[in-house]
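Structural characterization, general
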Amino acid sequence: MLFRSLYSGRQVALDGIDLDIWSGERIALLGANGSGKSTLLKLLDGIVAPSHGTVRALGRDVAAVAGGEDAFSFHREVGLVFQDPDIQLFSATVLDDVAFGPLQLGLSAREIQTRCAEALATMEIAHLADRAPFELSGGEKKRAAIASVLSLRPDVLLLDEPTASLDPRTKWLLVDLIGRLAAAGRTLVVATHELDIVPIIADRVVVLGEDRRILADGLPTAILADTDLLIRANLIHEHVHRHGAMSHVHAHDLDDGHHDGSENSAVTGYEVVSND
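Let me begin by describing the structure that accompanies this report. (Residues numbered from 1 in each chain as written. Predicted model: local features only at pLDDT ≥ 70, side-chain atom pairs only at ≥ 80, totals over all residues. Heavy atoms only, no water.)

Digging into the overall build of the protein
Within the protein, the secondary structure is distributed over 10 helices and 15 strands. Taken across its 276 residues, the protein has 50% of its residues classed as buried. (Helix = DSSP H or I, 4+ residues; strand = E, 2+ residues; numbered from the N terminus. Buried < 20%, exposed > 50% of the residue type's maximum accessible area, 1.4 Å probe, protein only.)

Examining the layout of surface pockets
Rolled over the atoms, a probe as big as a water molecule pinpoints where empty space is left. Size it by volume and the largest pocket reaches roughly 490 Å³. Taken together, 21 residues form the lining of the largest pocket, with Q88, F100, G101, S148 and L152 sitting closest to its centre. When grouped by side-chain class, the residues that make up the lining of the largest pocket number 12 nonpolar, 6 polar and 3 charged. (1 Å grid on protein atoms, 1.4 Å probe; cavity = no way out; pocket = protein on both sides within 12 Å on 5 of 7 lines; lining within 4 Å. Points joined across faces, edges and corners; volume = space filled by probe spheres on them. Nonpolar A, V, L, I, M, F, W, Y, C, P; charged D, E, K, R; others polar.)

Comments concerning the pairing of strand β12 (residues 214–218)
Judged from the 4 bridges that link them, strand β11 (residues 204–208) and β12 form a sheet pairing that is antiparallel. Of the residues in β12, the one forming a bridge with L208 is I214. (Pairing = 2+ DSSP bridges.)

A word on helix α4 (residues 94–104)
Inspection of α4 places V94, D97, V98, A99, G101 and P102 among the buried residues, and these make up the whole buried set. Those residues of α4 that are buried are in contact with α5 (109–122) and α6 (138–150). Just past α4, the residue G106 takes up positive phi, approximately 70 degrees. (Contact = heavy atoms within 4.5 Å.)

Points about the pattern of salt bridges
All chains considered together, the criterion is met by 15 salt bridges. R60 is the partner of D70 in a salt bridge, and the nearest nitrogen-oxygen pair spans 2.7 Å. Placement of the pair is D70 in the loop between α2 (62–66) and α3 (71–77) and R60 in strand β7 (residues 60–61), with a sequence separation of 10 residues. Given a relative accessible area of 41%, D70 falls into the partly exposed group. Through salt bridges that share partners, E111, R115, E118 and R153 make up one connected network. (Salt bridge = Lys/Arg side-chain N within 4 Å of Asp/Glu carboxyl O.)

Section: α6
The first and last C-alpha atoms of α6 sit 19 Å apart over 13 residues, in line with the 18 Å expected at 1.5 Å per residue. Within α6, 12 of the 13 residues are buried, which leaves the element mostly enclosed by the surrounding structure. Regarding α6, the residues found buried are G139, E140, K141, K142, R143, A144, A145, I146, A147, S148, V149 and L150. Considering only its buried residues, α6 is in contact with β8 (78–81), α4, α5, β9 (156–160) and α7 (168–183). (Expected span 1.5 Å × (residues − 1).)

Right under this line is the structure:
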């Protein structure tokens, strides 16, 4: 796919993106805040259309999907989990939210029950089925939101900052669950700026720069070892330490708590075309 996307027809959200995503790939989409990660996921999900160029997903023109053409069928195959789980949790109970998608498909009661049980079990929240979403912790809400998409059994799963604002234990529980989803053979695209989760969830990394263009595309080991690249992408920063008359410079992850006093160190077939 090669395209350009604008906010409100004026400000550039993404520019000159040329990207192919193949069925079964596990991709970490890295970038600083404002680099366009969420916009790219919305484009891949057919929620918005590119301002210039074309995006094709699963044989369909995403602009047409965003306009309503074959959207119902498309969203059975591609599922997006937003960064804020409250956007997707709006029913009286977790089970109602997980059942909402399958109900729209007109499936039998038995099939809906099977899909809900499967999704809840996959995210290890069957015990929360009868709880109201507002009663859940942040991590539980994230898992419930993912379950509400998994019940549709999508071939492609798009996750926007799934580990944001979670405590360490909850974060790594969720990372483990996401790793299992990827191992099940789905195409997975995860937007994040947390470098430490990348080796577990991805076999390919796409880095968006602050100019909202693709800065790099490669294997996790190569991308994560490229300190200069990560600094340019504003994913880590250099910091000068002084010890008397001596000083040295080294890099810090932006989320490592170095400046806030915390002790939490952080260590399918898509084709997108741009008219630049």
